Each structure stands twice: as C-alpha cells, then as structure tokens.
Amino acid sequence: MNASFDVIVVGGGVTGAAVGYGLAKKGVRTCIVDAVPTFSRASRANMGLIWCQSKALGCPPFVRWGFASSRAYGALAAELKEASGIDTGYAATGGIIPCLGEEELAQRALFIDKLRAETEDGVYPASMLSRAELEKKLPKVPFGPEVSGGTWSEMDGYVDPLHLIFAFRKAFTRAGGTLLAGERVSAVTPSGGGYRLDCGERVLECGKLVLASGLGTRKLALQLGADIPVFPNKSQVLLLERIPADVLPIPLLGIARTFGGTVMIGAAHDQAGMDRDLHPETLAANADWAARVWPELARKRILRFWTGLRVWPKDAYPIYDRIPGHENAFVFVMHSAVSLAAILERTLPDYVLGQPLPPDAALFTLSRFADGDGFKGSAASSPHATAPAKAEAAS
Ligand SMILES: Cc1cc2nc3c(=O)[nH]c(=O)nc-3n(C[C@H](O)[C@H](O)[C@H](O)COP(=O)(O)OP(=O)(O)OC[C@H]3O[C@@H](n4cnc5c(N)ncnc54)[C@H](O)[C@@H]3O)c2cc1C
C-alpha cells in the first residue's frame, strides 16, 4: 500500500514516538515507520531514569531543558494514561547519587556548587546528603561502610521505558496517526518539495520528514547529503531479582528498581563502535561498585544481562535541526531521550510545523560542529566517577 502523509517520522523509539504523538494530536496526518530494532535498541534497553541533576556543567540551557522536561512529566504521564489506557509507571521519586568515600563526596559538592553558580538566580535544585541523611531517605537500604553520603534532587524520577513507548504509540494511533511497525525505510529521496521513502514493497510520500532513527539516522541522512555526528556508546546492564517497592523507593544513579520490581544495575560507557558483545569484566566492575554501595545486592540472583548502544552525538548534547539544505527534513538524535521525552513531545512538533526551537533548545543545532567537536563539557552525569564532570553517563 502506497500512502502519503503530512509528516513521516522514521523511528518509533522514545524520540520518534514522542514527536509523532505530539504531531498527531495536533491533527497533523502523521506516520511513524519503525523497523524492528537490531542494533538501535536504546529505547528498549535503558534504565528509565528521568535524570536531571549533576549534568551539563558549562551548558545552562541544557540544565534548564532537562528540568523543564522533569516538570512536564507528571502532566504527560496523566495525559498518556487517559489517551492510551497505559500506566507508564511514572513516579516523581527524586533521585540520589551515592558517593563512596569523602573525596568523592567533596567532588560532588564542588560540582553542584559550580552548577549552582551557573544558574541565573543561584537556585539549583540539588543538594548534598550526609550519610545519616541518606539513610533517613532510604532506611531499608543497608549501605556499605564506604558510602559517605550522596547528592539528592527532587527533580529526578522514574518511568518504565517500554510502557512509555507503548503508551505514546497507542495514544498516537488513537489520535489518528499511522504506525508502520516492523518496517524499515531503505531509501529517502527529495520529491516535489517533500520526500519519497522506500519502505519494503511500499512507497511513502510526505511533505515533511523527521529522522528520529537513533543510530540508523546517519545512514538515512547521508542519502540527503548530511553526515550527522552521532555514534554508539555502549552500556551493559545487569538485572537482579525482585525487591519490594518500599526497599528502594528512590532510584540511585546506577541502581534502580524497575516498575516490575527487579533491580537494574548499569553504568558502563564504552566507545566500542557497533560491538554488542557482553564483556564480563565490565559487568563485574559495575556489580562490584553496586555491591560497595549496597552489599546485600551481591547475594541477589542475576536474572539477565544485556548490552545497549546509546545514541550519542559527538559532544553528548542533543541535535535538533533541519538537515542542511533541506527546509522540510529534520533530525532529532540524543542520549537521555527518556528524561527529555516530556519536553520533546511538547516542543518539537511545533518546530516541525514551522515554529522556532524554544530558547533553551535553540543552540543544539548542527552548526556547533562546524569547527569540529561541538560543545565542551559533558551533558551527562556519572554515578561513580571521582571527577563528576567526566564525559560519562548512566542516563
Ligand atoms: C543501557 C542504557 C541505559 C540508558 N538509561 C537511560 C536513562 O535511565 N534515562 C534516559 O533518559 N536515557 C537513558 N538511556 C538513553 C535512552 O535510552 C536514549 O536516549 C533513547 O532511547 C534514544 O531514543 P531514540 O528514539 O532517539 O532512539 P532509538 O531508541 O535508537 O530508536 C530509534 C528507532 O529507529 C528505528 N530505525 C532506525 N533506522 C530505521 C530505518 N531505516 N527505518 C525505520 N526505522 C528505523 C530503530 O529500529 C529504533 O526503533 C539509556 C540508554 C542505554 C543504552
């Protein structure tokens, strides 16, 4: 079946699903085409943290962008529940980064002070916790002897990533959108001011095109003459047996209880190209860190482990832009898309429809790569680096 749409979104991970839903609910005739993920599985492999704190020193707009998404999440979760009938498991729990040793605690405090100094009003919604305060927040977690305290932000939270995508997709189709799941776009060609997409036996046409195809974006954009600097960043995740909800009601960066009650441990960052092999030494290092934070975890059964490839722009900040030379083709790639989903859904559809990007997103265009590497600093936060500004991330 050939078909024509106002907008086609290639990619139905969290980014494409959020943008597609936002468009469909505005009455725009929208199609999402989403291939069965092979390598590009970030939206299915992640930890579901809505993580805002201790990120992006040197880039206040990204800090504000993340907090804005966090503030919008409650309304989004309620709207999706209403529109799709699916509970995303969203919980405004706050979040904690545990620290091992006094040096790490001092580094974290310094990092938050620096982030605070970069705000316009001197208010940064995160604070330090002593060990006693940490224990008060999580009285059922017997922390290891090395744990010195941590950082706390009420702006962090949790959402179940699979339920989030399903909710977006169902709400999208209920709003009149067309979802072509399990179909791969193989060719993109400009055609009469819009685009023609080859998709298996089908030919699809659209006035506007959105590439939200994660690590598949580069290949598609090259067909339109643009090299989008986005690369895989590998993580490995361990899944442990279920624990009761009241044991870990607040996620720790790197250790989180899932919607279903299992415990996820994940923090690794490797620039290893498309390698998806499991490396036991990396898993062991993550597990060792988690057991130093919470020794009881060492006695829990491991249910599963997997690798996931993050969608990692060259400087770790998002890319929201038109494809150079293409007024009607857009590219949206980023890590932390789960955290950002609420602000993506709220703002990027208007951008596709011709509005400017919101001020805090306006600098995340491709022009920053004109002289090479993009922004300095890190858009990410790391659970167990002694130098928190390192370009590592668990979320
Ligand atoms: C282990 C791990 C933990 C993470 N933890 C967190 C976290 O706690 N919080 C957070 O905010 N973020 C986290 N992230 C990052 C987050 O998962 C990603 O930012 C997000 O999933 C990216 O979503 P996306 O839709 O942009 O890309 P993807 O999830 O990669 O989706 C792209 C989709 O496009 C499809 N596609 C590609 N090419 C084509 C084509 N030619 N035709 C049709 N379809 C195509 C793919 O099949 C895929 O379904 C984590 C990532 C990993 C790997």
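Note that the structure is a prediction, hence the values are computed from the model and not measured. (Residues numbered from 1 in each chain as written. Predicted model: local features only at pLDDT ≥ 70, side-chain atom pairs only at ≥ 80, totals over all residues. Heavy atoms only, no water.)

### Some details on the layout of surface pockets
The condition that has to hold: Computed over the protein atoms alone on a 1 Å grid, cavities are sets of points where a 1.4 Å probe fits but cannot get out and pockets are open sets with protein on both sides within 12 Å along at least five of seven lines; a residue lines them when it has an atom within 4 Å of a point. Grid points are joined across faces, edges and corners, and a volume is the space filled by probe spheres set on the points. Secondary structure follows DSSP: runs of H or I at least 4 residues long count as helices, runs of E at least 2 residues long count as strands, and numbering of each begins at the N terminus. Residue type decides the class: Asp, Glu, Lys and Arg count as charged, Ala, Val, Leu, Ile, Met, Phe, Trp, Tyr, Cys and Pro as nonpolar, and the leftover types, Gly among them, as polar.
Computed from the structure, the second largest pocket encloses a volume of approximately 380 Å³. Looking at the second largest pocket, it is lined by 22 residues, and the ones nearest its centre are Arg44, Leu162, Met264, Arg304 and Trp306. Within the residue set of the lining of the second largest pocket, elements represented by two or more residues are α2 (42-45), α6 (161-174) and β15 (302-313). Among the elements that make up the lining of the second largest pocket, the one with the highest residue count is β15 (five residues). Here the residues of the lining of the second largest pocket are counted per class, giving 10 nonpolar, seven polar and five charged.

### Things to note about the state of the cysteines
The criterion, for reference: Pairs of cysteine sulfur atoms within 2.5 Å are what we label disulfides. Classification of residues uses two cut-offs on accessible area relative to the type maximum, computed with a 1.4 Å probe and protein chains only: under 20% is buried, over 50% is exposed, and between them is partly exposed.
Under the defined criterion, the tally for this structure stands at zero disulfides. We note that Cys31 lacks a disulfide partner, and the nearest cysteine sulfur, in Cys199, lies 7.5 Å from it. What makes Cys31 buried here is its relative accessible area of 0%. This cysteine, Cys52, is not joined by any disulfide, and Cys59 carries the nearest cysteine sulfur, 14 Å off.

### Here's the deal with the sheet that holds strand β13 (residues 255-257)
Put simply, the rule reads: By the convention used here, strands pair only if DSSP detects at least 2 bridges between them. Interaxial angle, 0 to 180 degrees, is taken between N-to-C directions of lines fitted to C-alpha atoms, where a helix line uses only the stretch in contact.
Strand order in the open sheet formed by four strands is β13-β14-β12-β15, and the pairing between neighbours is antiparallel. In this open sheet, the two strands that pair with only one neighbour each are β13 and β15. Ignoring strand direction, the axes of neighbouring strands in this sheet form an average angle of 25°. The sheet contact formed by strand β12 (residues 230-240) and β15 spans 11 bridges and is antiparallel. By the bridge assignment, Val230 is partnered in β15 with Pro313.

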